[in-house]
Structure formats: structure tokens, C-alpha cells
Amino acid sequence: DTGVTGTLPNANFSGGKIGQVINAQQGFFETNSTSFVDTGLTASITPSATSSKILVLVNLTGTYVTGNDTALEARLLRDSTEILCFEAIGGYTANSSESGFGATSCSYLDSPNSTSALAFKVQISTATSGGVSIGQWQNGSDRPQCTITLMEILA
């Protein structure tokens, strides 16, 4: 409706407020492991209530792979528990043994049911032979920062 004025009581909007925001950055990291390895991209948060949810945002900039049919596989862990896997696959560049990517991102809404400190981290691996990296451009310069952001969503 138009022309409606007034104030709604706070009771109508009790949930969904952001309690805290934690952000961490990581620069260049590379591996040729087909098993997942820590990238150093990690952040910790302590929820204020067991009913809180944690919104996790991950942005892996400057992702890059070398080798035919290679993909960068990534996963998000809460402490030692895997909660999400994601992958970057792209086409070949002029050199058939290299593929470059701009960014790979994911988001996940976690319900940890905890008031203990929680560590969220990103691990990567290569899907086949070849190497994978995060935090670099194809020409190897201007290494951008990869980020993980944790937001506590209050119930």
C-alpha cells in the first residue's frame, strides 16, 4: 500500500540479525597433491547461542591449474568435519596443458548447535595429475587475496 506510515514492533523481526563477522585472507598457495591439503585459509568463530547459524562465504581468487584435464577440487571443513565440496573446471588455454580460472566461490549456512569455538578451513587438491593453486593470475603476478568470511546469524 502507499502512504502507510508507522513503526512495527521489534517482536516481528526477532531473528536473522548478524551477531558477529569474522574475515580471514590467504595469498598464494599451490599443491600437486591428489589428497586434500590445508591452504592456510582458515577462520574461527564462537557462536553466542546454540540456536545461532553460521553463514560461511569462501572466495578463491586467482585459481589456476596445470595439466590436461585437471580440476581444482576444494572442500570446506568445520573443525575436522567436511561440510561442503566444490570444484573448478575450465577449458584449455592456448597451451593445451594449462587451464586458468578467475575465481571460485561458495556459500554455506551451517547449524553447528554449539557455543564452543569453531574453526572453518578450506582445503584443495588436484583431481588428476598436475598442479593447482589459488591466489595467482595466469601470468604469475598480482597475487590476489582469497577470503573466508564467517557471519553469526542470531535466531
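Everything discussed here concerns the structure shown above.
As the structure is a prediction and not an experimental result, all values here were calculated from the model. (Residues numbered from 1 in each chain as written. Predicted model: local features only at pLDDT ≥ 70, side-chain atom pairs only at ≥ 80, totals over all residues. Heavy atoms only, no water.)

### Considerations on unusual backbone geometry
In most cases, non-glycine residues show a negative phi, while peptide bonds are predominantly trans. The condition that has to hold: Put simply, DSSP marks the helices as runs of H or I at least four residues long and the strands as runs of E at least two long, and each gets a number from the N terminus on. Buried means the residue's accessible area, taken with a 1.4 Å probe over protein chains only, is under 20% of the maximum for its type, while exposed means over 50%, and partly exposed covers the values in between.
The residue Asp79 is not glycine, and still its phi comes out positive at about 55°. In this structure, Asp79 sits in the loop between β6 (72-78) and β7 (81-88). Phi is positive for Asn113, close to 55°, though the residue is something other than glycine. With respect to the helices and strands, Asn113 occurs in the loop between β9 (103-110) and β10 (118-126). You can call Asn113 exposed: its relative accessible area is 58%.

### Re the sheet that holds β7
Our working definition: Two strands are counted as paired when DSSP detects at least two bridges linking them. Each axis is a line fitted through C-alpha atoms, taken for helices only over the stretch in contact, and angles between the N-to-C directions span 0 to 180 degrees.
Strand order in the open sheet formed by 4 strands is β3-β10-β6-β7, with antiparallel pairing between adjacent strands. On the outer flanks of this sheet lie β3 (37-45) and β7, each paired with one strand and no other. Across the sheet, the axes of successive neighbouring strands diverge by a mean angle of 20°, strand direction being ignored. Judged from the 7 bridges that link them, β6 and β10 form a sheet pairing that is antiparallel. When the bridges of β10 are listed, Leu77 appears paired with Lys121.

### Considering the state of the cysteines
Basically, it comes down to this: Sulfur atoms of two cysteines make up a disulfide when they are within 2.5 Å.
Here the structure, examined in full by the defined rule, presents 0 disulfides. Cys106 provides the cysteine sulfur closest to Cys85, a residue in no disulfide bond, and the two sulfurs are 9.9 Å apart.

### Quick notes on the pattern of salt bridges
The line we're drawing: For salt bridges, the criterion is a side-chain nitrogen of Lys or Arg within 4 Å of an Asp or Glu carboxyl oxygen.
As enumerated under the stated definition, the model contains 3 salt bridges in all. When the shortest N-O distance is used, the salt bridge between Lys121 and Asp38 registers 3.2 Å. Of the two residues, Lys121 is situated in strand β10 and Asp38 in strand β3; the sequence distance between them amounts to 83 residues. Residues Arg75 and Glu82 are paired through a salt bridge, measuring 2.9 Å at the closest nitrogen-oxygen approach. Overall, Glu82 belongs to the partly exposed group, its relative accessible area being 39%.

### Comments concerning the pairing of strand β4 (residues 53-61)
Alignment of β4 against strand β12 (residues 146-153), held across 7 bridges, turns out to be antiparallel. Along β12, the bridge assignment pairs Asn59 with Thr147.

### A short note on the sheet that holds β9
Pairing is antiparallel across the open sheet formed by 4 strands, whose spatial order is β1-β12-β4-β9. Each of the sheet's edge strands pairs with one partner strand only, and the pair in question is β1 (18-26) and β9. Between one strand and the next, the sheet's axes are offset by a mean angle of 10°, whatever the strand orientation. Here 8 bridges tie β4 to β9, and the two strands are oriented antiparallel to one another. The residue of β9 that forms the bridge with Thr61 is Ala103.

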